[in-house]
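Next come the chains, spelled out residue by residue.
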Amino acid sequence: MKVIICGAGRVGYGIAERLAAEQNDVSVIDTSAELIRTMRDTLDVRGFVGHGAHPDIMAAAGAEQADMIIAVTLYDEVNMTACQVAHSLFNVPTKVARIRSQSYLHPHYMDLFSRDHLPIDVIISPEMEVGEMVLRRIALPGATDVVRFADGHVAMVAIECLDECPVINTPLSQLTELFPDLPSTVVGVSRGGKLFVPHSGDQLMAGDMAYVITTKEQVRRTLGLFGHDETEATRIVIAGGGNIGLYVARALERKQSRTKVKIIESSRERAVKIADELRRTVVLHGSALEQKLLLEADIDHADLMVALTNDDQVNILSSVIAKQLGCRSNLVLINNPTYHDFAKTLGIDAHMNPRAVTISKVLQHVRRGRIRAVHNVQRGAAEIIEAEALETSPLVGPPLAEQELPDGMRIGAVYRNGEVLKPSGSMRIKPKDRVVIFALENAVRQVEQLFRVSLEFF
């Protein structure tokens, strides 16, 4: 696939890195010569210095032959214009744009992005995506990661196996025998930095990260089975009143729950603005690194500190200070992937990477076949894919036990006619089934082939 990426910042770099690793033909455009030089030096991509929405630059990048344009510059208007130019002058089939301003994303104005107006096929809003991730983590405090599939009916939860985890040192096949009515499947395990697909005879060990696919109704029970029965936070302090912090606070207010939220915002102007927009949330002006201000926010009695500023170091340090002052747990936004490896040793309970969220959204539209959703795991080491089976799919027909499936994949759930089914060797996949699969990086292409639209289909 030939892809043009407008914007060579962190998000653009992450997307280019992933697509280039899969042997896609990638061209990157950015006004910064330094960023383009870094791209050329470290990735197998072509780089062009210039304005991403200018027709001549786009033509030089090969827009006439491009299958997709991904506009992820820092400016919404540049991203929108780039998609318009790609459509009107070069007839690029798929146009993806990052839109950060919530004003553009108001449901009342969504017709703006129709084919007759601004022809954008996929809108990426990292702030909203990360905001939803924060809300899922708050609702399920025992999960390290939570992603929903099949219109919300299926959930993938990443669960850390602690020393007191009840299911460690037990073959996975026995878990099915002990809990026959639990529709949960362990599809992936991360152990000692190595990610693998477990077999029925394998056992979980303390320190493992288990990736489990289950139904939305059984997520809490599954977490409890793994020894995570943490209660949902009701006293939350948010560091950073930007788009994400405001989105989370608004959503918590809409829930009409008993949750008490306080926001610490360093910009006085922004603090006043969001204070006017929120009804029940207390907004404090100042730095989240100031112990006095944290104590004023009652951090010593808080259940959760959520650090969502634009500065990774502020997020990390403020969360560490919060725990030292008595906060029960923390959740941290970290943009720089180099910080992820030692976040745990610093006292960070859980962290989120907005770049991974954006890359997952893009991969959904890069993947061939009837792919409905993709979630990137551990910087591309694996993917969780939701795909729709067609009549011509090799999966349709024979029982799963008789099929030669790739070693690096495991089916976690099948969504059929409004019901979530746990896969078994006797199960037969039917046309229109939506299959949720965990696939290691080297098996992703084979999974795509299982859901490709055959010529016989037309």
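What counts as what
Residues numbered from 1 in each chain as written. Predicted model: local features only at pLDDT ≥ 70, side-chain atom pairs only at ≥ 80, totals over all residues. Heavy atoms only, no water. Helix = DSSP H or I, 4+ residues; strand = E, 2+ residues; numbered from the N terminus. Rg over C-alpha atoms; globule rule 2.2 N^0.38 Å. Buried < 20%, exposed > 50% of the residue type's maximum accessible area, 1.4 Å probe, protein only. Contact = heavy atoms within 4.5 Å. Lys, Arg positive; Asp, Glu negative; His and termini not counted. Charge placed at Lys NZ, Arg CZ, Asp CG, Glu CD. UniProt positions renumbered as here; feature names shortened; annotations may be inferred. Salt bridge = Lys/Arg side-chain N within 4 Å of Asp/Glu carboxyl O.

Per an unreviewed UniProt entry, the chain goes by the name Trk system potassium uptake protein TrkA and belongs to Nitratireductor basaltis.

A. Expanded view of the overall build of the chain. Along the backbone of the chain there are 13 helices and 22 strands. Since a compact globule built from 458 residues should have a radius of gyration of about 23 Å, the 23 Å found for the chain is in line with a globular shape. Overall, the C-alpha framework of the chain stretches about 65 × 65 × 45 Å when taken along its three principal axes. Here the chain holds 458 residues, and the buried ones make up 56% of them. Within the chain, residue pairs in contact and separated by at least 24 positions form 64% of the contacts whose partners lie at least 6 positions apart. Computed over 50 positive and 57 negative side-chain charges, the inter-centroid distance for the chain is 3 Å.

B. Summary view of the UniProt feature "domain: RCK C-terminal" (unreviewed entry) in the chain. The positions that UniProt labels "domain: RCK C-terminal" (unreviewed entry) are, in the present scheme, residues 144-228 and 372-453. Along residues 144-228 one finds 16% helix and 34% strand; the C-alpha atoms at either end are 11 Å apart.

C. Just the pattern of salt bridges, in detail. A complete count under the given rule lists 22 salt bridges for this structure. With a closest N to O distance of 3.8 Å, Glu 22 and Arg 445 form a salt bridge. In this pair, Glu 22 is assigned in the loop between α1 (10-21) and β2 (25-30) and Arg 445 in helix α13 (residues 444-450), connecting sequence segments 423 residues apart. Owing to a relative accessible area of 34%, Arg 445 belongs among the partly exposed residues under this scheme. In this structure, Lys 262 and Asp 298 form a salt bridge, with 2.7 Å as the shortest nitrogen-oxygen distance. Of this pair, Lys 262 sits in strand β13 (residues 260-265) while Asp 298 sits in the loop between α10 (291-296) and β15 (304-307), and the two are 36 residues apart along the sequence. Here the residues in one salt-bridge network are Arg 18, Glu 22, Glu 383, Glu 441, Arg 445 and Glu 448, joined through shared partners.

D. Broad picture of the environment of Phe 48. Of note, Phe 48 is situated in strand β3 (residues 46-49). For the pair formed by Phe 48 and Tyr 13, sequence separation is 35 residues and the distance between their alpha carbons is 14 Å. The residues touching Phe 48, leaving out its near neighbours within four places in the chain, are Ser 27, Val 28, Ile 29, Asp 30, Ile 36, Arg 40, Ile 57, Ala 60 and Ala 61.

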